[in-house]
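Spelled out, the chains give:
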Amino acid sequence: MSSIKQVINDAVEKVRQPNPIRLRDLIRQIRSAKTAAEERAVVNRECAYIRLTFREEDSVWRCRNVAKLLYIHMLGYPAHFGQMECLKLIASPRFTDKRIGYLGAMLLLDERQDVHLLITNSLKNDLNSSTQFVQGLALCTLGAIASPEMSRDLAGEVERLLKSSNAYIRKKAAVCALRIICKVPELMEMYLPATRSLLSEKNHGVLITGVTLITEMCRQSPDMLAHFKKIVPNLVRILKNLIMAGYSPEHDVQGVSDPFLQVKILKLLRILGHEDSEASETMNDILAQVATNTESSKNVGNAILYETVLSIMDIKSESGLRVLAINILGRFLLNADKNIRYVALNTLLRVVHADNSAVQRHRTTILECLKDADISIRRRAMELCFALINSNNIRTMMKELLSFLETAEPEFKATCSSKCVLAAEKYSPNVRWHIDTLLKVVQAAGNHVPDDVVSSAIQLISDARTEQAYAVGELWRHLSVAQLEFQPLIQVATWCIGEFGDLLLNGQADVTVVESELIEVYQRILWSSQCSIPTKEYALTSLMKLSARLSHEVGSIQQVVSAFGSHLNIELQQRGIEYNQLFTRHGHMRGALLERMPPFENNRIQENDKIALTNGVDASPDNQALLNDFTAPNNNANENYESNALLDLLGGMDPGESNAVQPSTTPAPVTAPAPAVNSDILDLLGGLDSTPAAPVPATNMNDTMSSGQSTNSSNSAYLLDGLLNNSTPIITSLNPAATTASNTLTTPAVQKTSSIPGINAYNKNGIKLDMTFEVQETVTTINMQATNNTGTNVTDFLFQAAVPKSLQLQMLNPSSTSMAPTSTLNQIIKVNNPNKVALRMRIKLSWSANGSLVQDQGEISNFPPALWQ
């Protein structure tokens, strides 16, 4: 009797307590707040009340409070304290409580929370419920927050529900299975039998989820991809029924029958038809029907056409079908919706290399997109225009791109000018047009021109002997009226006028220039506050060059040069002092030192050329990151690269005299020993006996004075002092272009006839290296063959080597970087041994096997003596 009274009293107390406000009232209060502070006050007050009610063990308002808490969470306020209340609601037998509880679990929990482990048992119970809506709640929640552990525990229940006769349950089970196979791919085979039956469903919801599940299976597993290729006819039949079916109110969207299902099927067909001729042949007709029968006036039709185009271009489709797909993209370019135009340009950029001629038909429309108001569309149109350039349309396309460059935003100018230079270099019809184009690019891009454009223009004019007079005349016309804030144009002009000023003065340049006018323009540049220090360095060196080409104004030049001996900038000051020495103490050497530079060597690496190796490291893109660690460019050729990065190549070696090849993307020359290196680099390969390398004499001062490039002060002073005092400093050249003039490892013609036995260089960790040899005078060619005896696939195989400093090493690209079990790969190594010293080599190998990286290093000292005797 007393217990009954207690229950009654508790009920009365609860009735007396004020009811919490409803969700709609909370929303009204929050929306009526005029400031963020008022909103925070409302939210904090309500959160405090919700916390208070959560402390009660049996609150009749738990469902309402959790609903309000979820709304507060959606506004961005913390609501983590409601996680346990969600679990209590999930365990409730009432459907309304379960619905709010599962919704809260999906919003407040994820797989990283430990709390989600507590709801596994509730999910399992609800998956076995007799009510389909409770099962649906559990499936939705599992599909949103399932972790790998939860997936393994509940995979069986999901597989059972996937075979349910209820379409409502099957479609939710398919979505849940998609989450499970993403978390635990090895469970994929469990769902294979049930998945095949989903394609025979008439319910479109089940079809969409089934197609999505199959798509993910095919993406993750090649075996599944091969298995599901047999369903291509079924997918074609379903897609055909969709486009041929009449009006269906249940599935119609703006006159298109279930566009969502059509898009899903097209995505799956694209995956199944990739690199498969038979499957592609089966789907060619239906893709053509979709492309021709789909209405493009509505956005849903455009979505289907876009997926159709992607499918056509990704499978082995017929050429006519590809043209149809590109024509659809051409129609997209005429659409008023800028999003559709952007998608069309982006897709054309992806497929332009597959069918360039078809895309060329829409060139006019693409060029019009360069004038679009949207910056993203202009960017994509610019990239596509460069992809369309060829030898037939180079003049037209370059004219349009130059017009675009003149008015483009600053962020476009650098990229556009670089690509214009590359396109002109590749497709120019003649040298004069090439020169005119580069000058227009430099002028249009202003100060946004990258350094490579300036160097390309200088190199082109230096190489074009027959057009140098024309180029100098054009540059003088630009320079005489140029705005001094545009530095790149002034740099190109001063360099060329300094080199070829005699052509300008003797009338060959088709322009009349007097020496005083020339000096006046240079003075205006050198004394201008608008010109940068590098530009003044170009101008000062160019003016010094002109002192050997002019006849009357040499005194004026000396006066200008000597004035820079007290300049605040140390580089300009040093140049002024050193150049002034050529007028006073060493005037007899000035003419010889300031002669014209020889044409630059073209150091661009062509795509099909063999890529040289630096210290045994491949310069290909796969190893570019490794090269960047120790081949960073240096402004001074006589300075060595960072030795610490070099030491990373073959770490852990004893100190001693040895040599790593000077970092460069080209091999070292045979005719001259390697440059001297500092003591840190000499310690790279300890314990290797070697003969010291002979110093390389300095080159002509042309390399310094006419390049117009800034050099380190101490090094340039050392070079000039060595030249003026007839010493031979250990330096190659201060002109970066000149350092690659003879950088090739040549092979003499006389071959050694005696047979040389091969050796086994390495045999550990399942990798075996065998070497055979050919000797041609001082050059030894080593044919290295690597064999995979690991019993598993080997990928990312990398072989690195270094030799004593008296030798020079060149390595060509390996035949492959991966090896199947028992297979081999080959690599050619060339070693120049001019001093006939004993050959020794330190090696480092790395490869990946079974997902783990294997590394090893060692020394090869068993080379046959016949290699150097």
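Keep in mind that this is a model prediction, so the values were computed, not measured.

What counts as what
- Residues numbered from 1 in each chain as written.
- Predicted model: local features only at pLDDT ≥ 70, side-chain atom pairs only at ≥ 80, totals over all residues.
- Heavy atoms only, no water.
- Helix = DSSP H or I, 4+ residues; strand = E, 2+ residues; numbered from the N terminus.
- Buried < 20%, exposed > 50% of the residue type's maximum accessible area, 1.4 Å probe, protein only.
- Contact = heavy atoms within 4.5 Å.
- Areas by Shrake-Rupley, 256 points an atom, 1.4 Å probe, with all protein chains shown as cover.
- Pairing = 2+ DSSP bridges.
- Bend = angle between axes of the 7 residues up to and from the residue.
- Patch = residues over 30% accessible without salt bridge, like charges linked within 9 Å, V, L, I, M, F, W, Y side chains within 5 Å.
- Salt bridge = Lys/Arg side-chain N within 4 Å of Asp/Glu carboxyl O.
- Axes fitted to C-alpha atoms, helices over the stretch in contact; angles between N-to-C directions.
- Parallel < 35°, antiparallel > 145°, perpendicular 65-115°, else oblique.
- Left-handed = near helix turned anticlockwise from the far one by under 90°.
- Expected span 1.5 Å × (residues − 1).
- Arc of directions from axis to C-beta.
- Phe/Tyr/Trp six-rings, centres within 6.5 Å; stacked < 30°, edge-to-face > 60°.
- Lys NZ or Arg CZ within 6 Å of the ring centre and 35° of its normal.
- pLDDT = per-residue confidence, 0-100.
- Polar contact = N/O pair within 3.5 Å; in protein donor to acceptor, adjacent residues only side chain to side chain.

Quick word on the overall build of the protein chain
The number of helices and strands found in the protein chain is 38 helices and 12 strands. Across the 869 residues of the protein chain, 50% fall into the buried class. Within the protein chain, counting contacts between residues at least 6 apart in sequence, those at least 24 apart form 70% of the total. Carbon and sulfur atoms make up 50% of the accessible area of the protein chain, which totals about 40,300 Å².

Concerning the pairing of strand β8 (residues 794-802)
The element β8 is extensively covered by neighbouring structure, given that 7 of its 9 residues are classed as buried. Pairing of β8 with strand β11 (residues 841-849), which is carried by 7 bridges, proceeds in the antiparallel orientation. Looking across to β11, one finds that Val794 is bridged to Ala849.

What about helix α9 (residues 148-162)?
The sharpest bend along α9 measures roughly 55° and falls at Leu154. The complete set of buried residues in α9 reads Met150, Ser151, Leu154, Ala155, Glu157, Val158, Glu159, Leu161 and Leu162. Here the buried face of α9 lies against α7 (120-127), α8 (132-145), α10 (167-183) and α11 (192-198).

Thoughts on a nonpolar patch on the surface
Together, Met74, Leu103, Met106 and Leu107 line one region of the surface with nonpolar side chains, adding up to about 350 Å² of accessible area. With 3 residues, helix α6 (residues 95-108) is the single largest residue contributor to the nonpolar patch. Looking at the secondary structure, you find Leu103 in helix α6.

A word on the packing of helix α22 (residues 375-388) against helix α23 (residues 394-407)
The relative placement of two packed helices is expressed as an angle between their axes plus a distance between the axes. Put simply, α22 and α23 touch, their axes get as near as 11 Å, and they point 155° apart. As the angle between them shows, α22 and α23 are arranged roughly antiparallel. Of the two possible hands of crossing, α22 and α23 adopt the one that is left-handed. On α23, the residues touching Arg378, Met382, Cys385, Phe386 and Leu388 of α22 are Met397, Leu401 and Phe404.

Structural notes on the pattern of salt bridges
Per the counting criterion, the structure on display carries 26 salt bridges. Its salt-bridge partner being Lys316, residue Glu275 comes within 4.0 Å of it at the nearest N-O pair. Here Glu275 is found in the loop between α15 (259-273) and α16 (277-293), whereas its partner Lys316 is found in the loop between α17 (299-314) and α18 (319-332), with 41 residues between them in sequence. Judged by relative accessible area, which is 42%, Lys316 ranks as partly exposed. Put simply, Asp770 and Lys768 hold a salt bridge, and the shortest N to O gap is 3.9 Å. The partly exposed category is assigned to Asp770, whose relative accessible area is 22%. By relative accessible area, which is 28% here, Lys768 ends up partly exposed. What emerges from the salt-bridge pattern is a single network uniting Arg22, Asp25 and Arg28.

With respect to the sheet that holds strand β12 (residues 852-860)
The strands making up a sheet associate through hydrogen bonds between their backbones, and the pairing can be parallel or antiparallel. Spatially, β8-β11-β12 is the arrangement adopted by the 3 strands of the open sheet, whose pairing is antiparallel. The open sheet terminates on both sides in strands that have one partner only, identified here as β8 and β12. Neighbour-to-neighbour, the strand axes of the sheet open up by a mean angle of 15°, direction not taken into account. For β11 and β12, the ladder comprises 9 bridges, and the chain directions are antiparallel. Residue pairing for β12: Ser846 is matched across the bridge by Gln855.

Looking at the sheet that holds strand β9 (residues 808-811)
Read across the open sheet, the 5 strands follow the order β5-β6-β7-β10-β9; overall the sheet is antiparallel. Each edge of the sheet is formed by a strand with only one pairing partner; in this case those strands are β5 (759-764) and β9. Going across the sheet, the axis of each strand differs from the next one's by a mean of 20°, ignoring polarity. Two elements, β5 and strand β6 (residues 767-776), share 5 bridges in a ladder whose sense is antiparallel. Along β6, the bridge assignment pairs Asn760 with Asp770.

Focus: helix α3 (residues 36-54)
Over its 19 residues, α3 runs 27 Å from end to end, which matches the ideal 27 Å to within 8%, given 1.5 Å per residue. The set of residues buried in α3 consists of Val42, Val43, Glu46, Cys47, Ile50, Thr53 and Phe54. Buried residues of α3 fall within an arc of 130° about the axis and therefore sit on the same side. Against α2 (23-32), α4 (62-74) and α5 (83-90) lie the buried residues of α3.

With respect to the packing of aromatic side chains
For the structure on display, the rule yields 7 aromatic pairs. Between Phe773 and Phe863 the ring centres are 5.9 Å apart and the planes differ by 70°, which places this aromatic pair in the edge-to-face class. On the criterion of sequence distance, the pair formed by Phe773 in strand β6 and Phe863 in the segment after β12 is long-range, its members being 90 residues apart. Look at Phe863 and you get buried, because its relative accessible area is 4%. Taking the ring centre of Phe81 as reference, the NZ or CZ of Arg51 above it sits at 4.1 Å. Over the face of the ring belonging to Tyr470 we find Arg432, whose NZ or CZ atom lies 3.9 Å from the ring centre.

Observations concerning the environment of Ile100
Looking at where Ile100 falls in the secondary structure, it is placed in helix α6. The buried category is assigned to Ile100, whose relative accessible area is 15%. For the pair Ile100 and Arg62, spaced 38 residues apart in sequence, the C-alpha separation works out to 9.8 Å. Other than its neighbours up to four places away in sequence, Ile100 contacts Cys63, Val66, Ala67, Leu70 and Leu89.

Some details on the environment of Met313
For Met313, the position within the fold is in helix α17. Taking relative accessible area as the criterion, Met313 reaches 13% and is therefore assigned buried. Placed 37 residues apart in sequence, Met313 and Arg350 show a C-alpha to C-alpha distance of 9.4 Å. If near-sequence neighbours (up to four positions away) are discounted, Met313 is found in contact with Arg322, Ala325, Ile326, Val351 and Ala354.

Some details on the confidence of the model for the protein chain
Predicted confidence across the protein chain gives a mean pLDDT of 80, with 79% of residues reaching 70 or more. Strand β3 (residues 613-614) is the least confidently modelled element of the protein chain, averaging 32 in pLDDT, while α10 averages 95, the highest of any element. This stretch, residues 604-754, has a pLDDT under 50; its non-local contacts, to residues over four places away or in other chains, come to 324 contacts.

A short note on the side chain of Thr535
By secondary structure assignment, the location of Thr535 is in helix α30 (residues 533-546). For Thr535, the side chain forms a polar contact with the side chain of Gln491, separated by 3.1 Å. Non-local contacts of Thr535, meaning those with residues more than four positions away in its chain, are made with Gln487, Ile490, Gln491 and Ile525.

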